[in-house]
Amino acid sequence: MGTSMLNSTFAPLGGLRFLEYKDGDIPYEITKELMIQSDKLARERRDHIKNSMKHAWKGYRDNSFGMDEVKPISGGGDNRLTGLGTTLVDSLDTLWLMDMKEEFY
């Protein structure tokens with residue numbers, strides 16, 4: 001490591017907007033109530049995200065299954081990439097991790 005790296009000072013991106021985090025500090029206290037509120041919000045978001053994935057998967061399955069790409073406006077598919085079902089391959093791990101086993105199989 002050169003001496004310029006050792007003598008450099010930290011300059012946060014975005015000016016001084018995140019200066020309170022510079023040394024690893026948190027500008028607020030994490031209480032039990034805050035954790036419960038955060039967990040509730042995360043669960044609500046999880047449901048919306050899973051529903052979005054169900055919608056996207058249904059559109060792919062119904063309109064362009066086995067194709068590389070989905071054309072959301074025309075409702076078809078396209079094989080411009082490899083012709084090996086790139087979207088299908090890319091979606092399998094997401095389906096599994098989101099516990100969408102029925103869609104996976």
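Residues numbered from 1 in each chain as written. Predicted model: local features only at pLDDT ≥ 70, side-chain atom pairs only at ≥ 80, totals over all residues. Heavy atoms only, no water.

1. Thoughts on the overall build of the protein
Here is the rule we go by: Numbering of helices and strands starts at the N terminus; helices are DSSP runs of H or I of at least 4 residues and strands are runs of E of at least 2. The contact definition used throughout considers only heavy atoms, calling two residues in contact when any of these lie within 4.5 Å. Residue-level accessible areas treat just the shown protein chains as cover; the underlying method is Shrake-Rupley with a 1.4 Å probe.
Within the protein one finds four helices and two strands. What you see in the protein, going N to C, is helices and strands ordered as α-α-β-β-α-α. Considering only intrachain contacts with a sequence separation of at least 6, the fraction spanning at least 24 residues in the protein is 25%. Surface summary for the protein: the accessible area is close to 8900 Å², and the carbon and sulfur share equals 57%.

2. Considerations on the packing of helix 2 (residues 32-64) against helix 3 (residues 86-97)
Our working definition: A fitted line through C-alpha atoms serves as each axis, taken over the contacting stretch for helices, and the angle formed by two N-to-C directions is quoted from 0 to 180°. Angles are sorted into four bins: roughly parallel if under 35 degrees, roughly antiparallel if over 145, roughly perpendicular if 65 to 115, and oblique for all others. For a crossing to be left-handed, the near helix must be turned anticlockwise from the far one by less than a right angle; the clockwise case is right-handed. Residues are grouped as follows: Ala, Val, Leu, Ile, Met, Phe, Trp, Tyr, Cys and Pro are nonpolar; Asp, Glu, Lys and Arg are charged; all remaining types, including Gly, are polar.
Relative orientation of the contacting elements helix 2 and helix 3 amounts to 150°, with a least axis distance of 12 Å. One way to sum up the angle between helix 2 and helix 3 is to call them roughly antiparallel. Judged by the sense of rotation from one axis to the other, the crossing of helix 2 with helix 3 is left-handed. Residues Met-53, Trp-57 and Tyr-60 of helix 2 form the contact with helix 3, whose participating residues are Thr-87, Leu-88, Ser-91, Thr-94 and Leu-95. Of the residues in the contact of helix 2 with helix 3, the class split is five nonpolar, three polar and no charged.

3. Brief notes about helix 2
Here is the rule we go by: To estimate how far a helix should reach, multiply one less than its number of residues by 1.5 Å. Throughout, exposure labels follow a simple rule: accessible area from a 1.4 Å probe, protein chains only, divided by the maximum for the residue type, with under 20% read as buried, over 50% as exposed, and the rest as partly exposed.
The first and last C-alpha atoms of helix 2 sit 47 Å apart over 33 residues, in line with the 48 Å expected at 1.5 Å per residue. Those residues of helix 2 that fall on the buried side of the exposure criterion are Met-53, Trp-57, Tyr-60 and Ser-64. Contact partners of the buried residues in helix 2: strand 1 (69-71), strand 2 (76-78), helix 3 and helix 4 (101-104). Two residues or fewer after helix 2 comes Gly-66, characterised by a positive phi angle close to 90°.

4. With respect to the packing of aromatic side chains
The line we're drawing: Geometry of aromatic contacts follows a simple scheme: Phe, Tyr and Trp rings, the Trp one being its six-membered ring, pair when their centres are within 6.5 Å, and the pair is stacked under 30 degrees between planes, edge-to-face over 60, tilted otherwise. Should the NZ of a Lys or the CZ of an Arg lie within 6 Å of a ring centre and within 35 degrees of the ring normal, that charge is described as sitting over the ring.
Enumeration according to the criterion identifies six aromatic pairs in this entry. With 5.6 Å between their ring centres and 45° between their planes, Trp-57 and Tyr-60 make a pair best called tilted. You can see Trp-57 and its partner Tyr-60 sitting in helix 2, three residues apart, about one turn around the helix. Classification of Tyr-60 by relative accessible area gives buried; the value is 2%. A connected cluster of aromatic rings, assembled from ring pairs, spans Trp-57, Tyr-60 and Phe-65. Looking at Lys-101, its charged tip hangs above the ring of Trp-96, at a distance of 4.3 Å from the centre.

5. Side note on the environment of Asn-79
Threshold: N or O atoms closer than or at 3.5 Å make up a polar contact, with two conditions inside protein: a donor-capable atom paired with an acceptor-capable one, and, for residues adjacent in sequence, both atoms drawn from side chains.
In this structure, Asn-79 sits in the loop between strand 2 and helix 3. Taking the C-alpha atoms as reference, Asn-79 lies 9.8 Å from Ser-64; in sequence the two are 15 residues apart. Once residues lying within four places of it in the same chain are set aside, the contact partners of Asn-79 are Gly-66, Met-67 and Asp-68. Looking at Asn-79, its side chain comes within polar contact range of the main-chain nitrogen of Asp-68, at 3.0 Å.

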